[in-house]
2 protein chains.
Amino acid sequence: MEPGERAHSVTIRDVARAAQVSPATVSRVMNRRSTVDVELARRVQQAAASLGYHPSAIAQGLARGRTELVSILVPDLGNPMFQSVLRGISRAAGVEGYRVLVTDSHEMPLEEPFLAQETRLRTDGLVLCSPRSHDQELLELAGKLEPFVLVNRHVEGLLAPTVAVDYAAGIRALVAHLAGLGHRHVAYLSGPMASVSNQQRLDTLHASAEGRFELTVLECGSMHEDGYEAADRALGTGATAIIGYNDLVALGALGKFHAIGVSVPDQVSVVGFDDIAFARYASPMLTTVAVPQEALGEEAWQRLSAVLRGEEPPADVCFTPRLEVRQSTARNPR
Amino acid sequence: MEPGERAHSVTIRDVARAAQVSPATVSRVMNRRSTVDVELARRVQQAAASLGYHPSAIAQGLARGRTELVSILVPDLGNPMFQSVLRGISRAAGVEGYRVLVTDSHEMPLEEPFLAQETRLRTDGLVLCSPRSHDQELLELAGKLEPFVLVNRHVEGLLAPTVAVDYAAGIRALVAHLAGLGHRHVAYLSGPMASVSNQQRLDTLHASAEGRFELTVLECGSMHEDGYEAADRALGTGATAIIGYNDLVALGALGKFHAIGVSVPDQVSVVGFDDIAFARYASPMLTTVAVPQEALGEEAWQRLSAVLRGEEPPADVCFTPRLEVRQSTARNPR
DNA sequence: CGATGTACGGAAAGCGGTTTCACCGATGTG
DNA sequence: CACATCGGTGAAACCGCTTTCCGTACATCG
């Protein structure tokens, strides 16, 4: 390629000229939509190859009214949970020739609606991952976001396909596990207050802890450092078991306990949520609730893909997470 | 929004008609490029608002010859290292209104050139992250990929802006650290053979281990499970210290040692590379070499952004990683 | 052998914006 | 008062491709 030659200087017209046919024919050859005389086709192929022609995706997008791009909006690209979902979508979409535009709202709920719209406008569809906005806001926004699918969030009255996780079931499994181990006082390291799934977990916790053990809730966050920072506060409440909002928080707590010489699970039990890859490799291996993260992404894509094809999307799905008992929980020492 | 009304049915012409002006004027108002009579501007604004008009990003892209999208190609979206780079780029680009298209080559070097081109075609520029392709291939491809920047890889004779890490320095620091602790036999859990950075690490290891300790190389991989699986093999060689290709591998090994009751660092020292967030929260906290991952992404964006603006990009940068001595290394017990 | 299909290829009209260009009336100047 | 200047505006070309529409050539049929 000569210097100065802009990457996209060679257009369909150039190919047409070189092959002595009309642009329409070049288009036909490139898209194999309509039959073209074999001789012409050959000339076009050759001209295209020798000129290094690649159709402009933007122009195709405009003409076809479809970009083969989808957006995904996540609250935090730093969270392995969302990375896995992204990965699941990216893989599944890639197979069908779609690429993924990723936008991170940096846990700023107020920015979300704007970002969602903005990013949606650039693509054919949107995957909204654990949106932090209120139901009301999402309902109002829905029209402008369509087609989109919702991951990890259920909104009453919203027609969008949804793939979710039954967090309540996961929490109940966790509660039963800890109660079964004889724990009488449990601390919950709470996630972002704007997070609906945090709210759900809290509600379920309160309901199912009732009569089994005392529950103390501590504000924490969704990251390692939040768990690290909150760990000794949690211990200070007298709790013998700690439930992290997610694995990151639980692993952060684990790290802190290790650092200050508190033995897990001998002195205190710790559990997480999500079963990110690291949970299995932590020491001690983290007891947690396994959420099929990549599958969430994949199922999300299946639904979006169906809508894009104009088909009826598969029914909403709600994964029931599985308790993974590992080494970070033990019988109440007291 | 009425059902059936396609998201983008309202065009600039509709707004123009409603505001009784020409499409050109609407465009001017929307872009604030040229001054427009305040009264007309008001009419346009109002018409746009009441119709719910949003300019089509695709049409703008075609007309302006620029999409405000950039691509990033990574070998493995499951690797925290690349996730961090992605995050760095996404943040930095977002500030300037650019969005990021992400493509995962799934550690398949043969697919890389195709994917790179394909994804590049859809955007204004490309960030190639740790490409696994051969120098020669990259050189040939360069013309078609421009503008692009190279992360984590240096290619002789390639004019593209590059942001890299001085892996050799990192390895030397690691070697000095382990030698200083009296280790006489070290095992290296090697990464993907296609990875150039793995090759560099190997070369540097061989060179700098010379005369200080015996070096055994074991084929491993780049993921947790690879490290987990290789850990006892490594121990079996009689090595008293283990260098993982990256933190994932090292953490996997840590997990295995914990599982089989081998004490780190008392019986064996383990070090990683990258300093992903989890390294700090592992137990024991992982000694590793800190690579400024998000900064890599950010610097990559600075360069791409400059090129996109038609400016001279900042000079290539090569970060010197910093040895992070934590708890997974100790004096040779033998 | 004329009528009817069928297959193919080119002209041209979009897709939804941006931008050049020419025009207009209203200023500013000598 | 004539003339250059200038901000504001619309018409139209254009970005690069797809797709409809139509004309042509040729094969098939009654």
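Computed from a predicted model, the values in this text were never measured in an experiment.

Explain the overall build of chain A here, please?
Scanning chain A for helices and strands turns up 13 helices and 12 strands. Scaling as 2.2 N^0.38, a compact globule of 334 residues should have a C-alpha radius of gyration of about 20 Å, whereas chain A reaches 26 Å, well beyond that. The C-alpha extent of chain A, read off along each of the three principal axes, is 90 × 45 × 30 Å. Counting only residues that meet the buried cut, chain A has 55% of its 334 residues in that class. Relative to all contacts within chain A whose residues are 6 or more apart in sequence, the contacts with residues 24 or more apart total 70%.

Honestly, the packing of aromatic side chains in this entry has me stumped. Any pointers?
Given two aromatic rings, their pairing is described by the distance between the two centres and the angle made by the two planes. Applying the stated criterion across every chain, the model contains 7 aromatic pairs over all chains. An angle of 10° between the planes, with centres 3.3 Å apart, marks the rings of F278 of chain A and F278 of chain B as stacked. One end of the pair, F278 of chain A, is in helix α12 (residues 277–281); the other, F278 of chain B, is in helix α12 (residues 277–281), on a second chain. Across the pair, F278 of chain B and F278 of chain A agree in class, each one buried. Note on Y167 of chain B and F273 of chain B: the rings are 5.4 Å apart at their centroids and 50° apart in plane angle, and the pair reads as tilted. On the criterion of sequence distance, the pair formed by Y167 of chain B in helix α8 (residues 167–180) and F273 of chain B in the loop between β9 (269–271) and α12 is long-range, its members being 106 residues apart. When the ring centre of Y167 of chain B is taken as origin, the NZ or CZ atom of R201 of chain B, which lies over that ring, is 4.3 Å away. Sitting above the plane of the F273 of chain B ring, R201 of chain B keeps its charged end 4.3 Å from the centroid.

How should the protein's contact with DNA strand C be read in this particular structure?
Taken together, 28 residues lie near DNA strand C, and T25, R28 and T35 of chain A together with I12 and S27 of chain B sit nearest. Y53 of chain B is positioned such that a nitrogen or oxygen atom in its side chain is 2.9 Å from a sugar or linking oxygen of DNA strand C. Within the backbone of S56 of chain B, an N or O atom sits 3.4 Å from a phosphate oxygen of DNA strand C. Put simply, the parts of the chain that give the surface near DNA strand C at least two residues each are α2 (23–31) and α4 (57–64) of chain A together with α1 (12–19), α2 (23–31) and α4 (57–64) of chain B.

Which parts of the structure should I look at to understand the domain arrangement of chain A?
When the parts of a complex come together, some accessible area is lost, and that lost area is often used as the size of the interface. All names here are of chain A. For chain A, the assigned domains are domain 1 (12–64), domain 2 (69–164 + 293–319) and domain 3 (167–292). Counting residues at the interface gives 15 residues for domain 2 and 15 residues for domain 3. Carbon and sulfur atoms supply 56% of the area buried between domain 2 and domain 3, which totals about 1200 Å² over both sides. Connecting domain 2 to domain 3 are 0 salt bridges. If you look at where domain 2 meets domain 3, you find 7 residue pairs in polar contact (both at pLDDT 80 or more). Looking at which element gives the most residues to the side of domain 2 that touches domain 3, the answer is helix α13 (residues 293–308), with 4 residues. Residues belonging to the side of domain 2 that touches domain 3 are distributed by class as follows: 7 nonpolar, 3 polar and 5 charged.

Is there a simple way to think about the relation of the copies chain B and chain A in this case?
Each of the two copies of the chain can be brought onto the other by a rotation about an axis and a shift along it. For the pair chain B and chain A, the best superposition has an RMSD of 0.1 Å and corresponds to a rotation of 180° with a translation of 0.0 Å parallel to the axis. Put plainly, the chains are arranged around a two-fold axis. Across chain B, the rotation axis passes nearest the C-alpha of L101 of chain B, at a separation of 2.2 Å. Taken as a fraction of all interface residues of chain B, those also at the interface in chain A reach 100%, which identifies the copy contact as same-surface.

What should I look at first to understand the sheet that holds strand β2 (residues 99–104) of chain B in this one?
In sheet architecture, strand pairing relies on hydrogen bonds along the backbone and comes in two forms, parallel and antiparallel. As summarised here, the arrangement of the 12 strands in space is β11(A)-β5(A)-β4(A)-β3(A)-β1(A)-β2(A)-β2(B)-β1(B)-β3(B)-β4(B)-β5(B)-β11(B), forming an open sheet in which the pairing is mixed. Each edge of the open sheet carries a strand with a single partner, namely β11 (317–319) of chain A together with β11 (317–319) of chain B. Direction aside, the axes of adjacent strands within the sheet are offset by 20° on average. Pairing of strand β1 (residues 69–74) of chain B with strand β3 (residues 125–129) of chain B involves 4 bridges; the strand directions are parallel.

Explain helix α13 (residues 293–308) of chain B here, please?
The α-helix winds at 3.6 residues per turn, so residues separated by three or four positions along the chain end up facing the same way. Residue and element names in this part refer to chain B. With 16 residues, α13 extends 23 Å between its outermost C-alpha atoms, agreeing within 8% with the 22 Å of an ideal straight helix rising 1.5 Å per residue. Listed in full, the buried residues belonging to α13 are Q293, L296, G297, A300, W301, R303, L304, S305 and A306. Buried residues in α13 make contact with β1, α5 (80–95), β3, β4 (148–151), β5 (162–165) and β11. Remark: G310 follows α13 within two positions and exhibits a positive phi of approximately 85°.

Mind showing me how you'd approach the pairing of strand β7 (residues 214–219) of chain A here?
Each regular strand carries side chains that alternate between the two faces of the sheet. All names here are of chain A. As paired strands, strand β6 (residues 185–190) and β7 are joined by 6 bridges and run parallel to one another. Residue pairing in the sheet places Y188 in a bridge with V217 of β7. At this point the chain moves from β6, through helix α9 (residues 196–209), to the parallel β7, and the crossover so formed is right-handed.

Any chance you could explain the packing of helix α1 (residues 12–19) of chain A against α2 of chain A here in plain terms?
Each pair of packed helices can be described by the angle between their axes along with the distance between the axes. All names here are of chain A. Remark: α1 packs on α2, axes separated minimally by 8 Å, with the N-to-C direction vectors making an angle of 100°. Considering the angle they form, α1 stands roughly perpendicular to α2. The segment α1 lies against α2, with I12, R13, V15 and A16 engaging P23, V26 and S27. Taken together, the residues that form the contact of α1 with α2 break down as 5 nonpolar, 1 polar and 1 charged.

Can you walk me through the pattern of salt bridges in this structure?
Any two side chains of opposite charge can pair if their charged atoms end up close together. Counting across every chain of the model gives 38 salt bridges over all chains. A salt bridge links K256 of chain A to D232 of chain A, with the shortest nitrogen-to-oxygen separation between them at 3.6 Å. With a gap of 24 residues between them, K256 of chain A in helix α11 (residues 247–259) and D232 of chain A in helix α10 (residues 224–236) connect regions that are remote in the sequence. For R122 of chain B, the salt bridge goes to E118 of chain B, with nearest N and O atoms at 2.9 Å. A relative accessible area of 9% means that R122 of chain B is categorised as buried. Beyond isolated ion pairs, a larger network of salt bridges with shared partners links D76 and D104 of chain A together with R87 and E294 of chain B.

Would you mind going over the interface of chain B and chain A with me for this structure?
Facing the 55 residues of chain B at the interface are 55 residues of chain A. Roughly 4800 Å² is buried in total at the junction of chain B and chain A, and carbon and sulfur atoms are behind 63% of that figure. By the criterion of area lost to chain A, the three top residues of chain B are R99, R122 and Y281 of chain B, representing 16% of everything that side buries. The interface formed by chain B and chain A includes 6 salt bridges. For E118 of chain A, the salt bridge identified is with R99 of chain B, shortest N-O distance 3.0 Å. Where the side of chain B that touches chain A is concerned, the elements lending two or more residues are α4, α5, β2, α6 (112–121), α7 (135–145), α10 (224–236), α11 (247–259) and α12 of chain B. For the side of chain B that touches chain A, the residue count by class is 24 nonpolar, 19 polar and 12 charged. As paired strands, strand β2 (residues 99–104) of chain A and β2 of chain B are joined by 3 bridges and run antiparallel to one another. When the bridges of β2 of chain B are listed, V102 of chain A appears paired with V100 of chain B.

How do you make sense of the protein's contact with DNA strand D when you look at a structure like this?
Every one of the 27 residues lining DNA strand D counts as a neighbour, but I12 of chain A together with T25, R28, T35 and D37 of chain B are closest to it. Protein-proximal atoms of DNA strand D, defined as those within 4 Å of the protein, fall in sugar or phosphate at a share of 65%. N31 of chain A is positioned such that a nitrogen or oxygen atom in its side chain is 3.1 Å from a phosphate oxygen of DNA strand D. In this structure, R64 of chain A approaches DNA strand D through a side-chain N or O atom, which is 3.5 Å from a phosphate oxygen. Grouping the amino acids of the surface near DNA strand D by side-chain chemistry returns 12 nonpolar, 9 polar and 6 charged.

Rules of the game
Residues numbered from 1 in each chain as written. Chains lettered and ligands numbered in written order. Predicted model: local features only at pLDDT ≥ 70, side-chain atom pairs only at ≥ 80, totals over all residues. Heavy atoms only, no water. Helix = DSSP H or I, 4+ residues; strand = E, 2+ residues; numbered from the N terminus. Rg over C-alpha atoms; globule rule 2.2 N^0.38 Å. Buried < 20%, exposed > 50% of the residue type's maximum accessible area, 1.4 Å probe, protein only. Contact = heavy atoms within 4.5 Å. Phe/Tyr/Trp six-rings, centres within 6.5 Å; stacked < 30°, edge-to-face > 60°. Lys NZ or Arg CZ within 6 Å of the ring centre and 35° of its normal. Near = heavy atom within 4 Å. Polar contact = N/O pair within 3.5 Å; in protein donor to acceptor, adjacent residues only side chain to side chain. Domains from an automatic or database assignment. Buried area = accessible area lost by both parts, 1.4 Å probe. Salt bridge = Lys/Arg side-chain N within 4 Å of Asp/Glu carboxyl O. Nonpolar A, V, L, I, M, F, W, Y, C, P; charged D, E, K, R; others polar. Least-squares fit on C-alpha atoms with pLDDT ≥ 70 in both. Pairing = 2+ DSSP bridges. Axes fitted to C-alpha atoms, helices over the stretch in contact; angles between N-to-C directions. Expected span 1.5 Å × (residues − 1). Right-handed = clockwise from strand over helix to strand, strands pointing away. Parallel < 35°, antiparallel > 145°, perpendicular 65-115°, else oblique.

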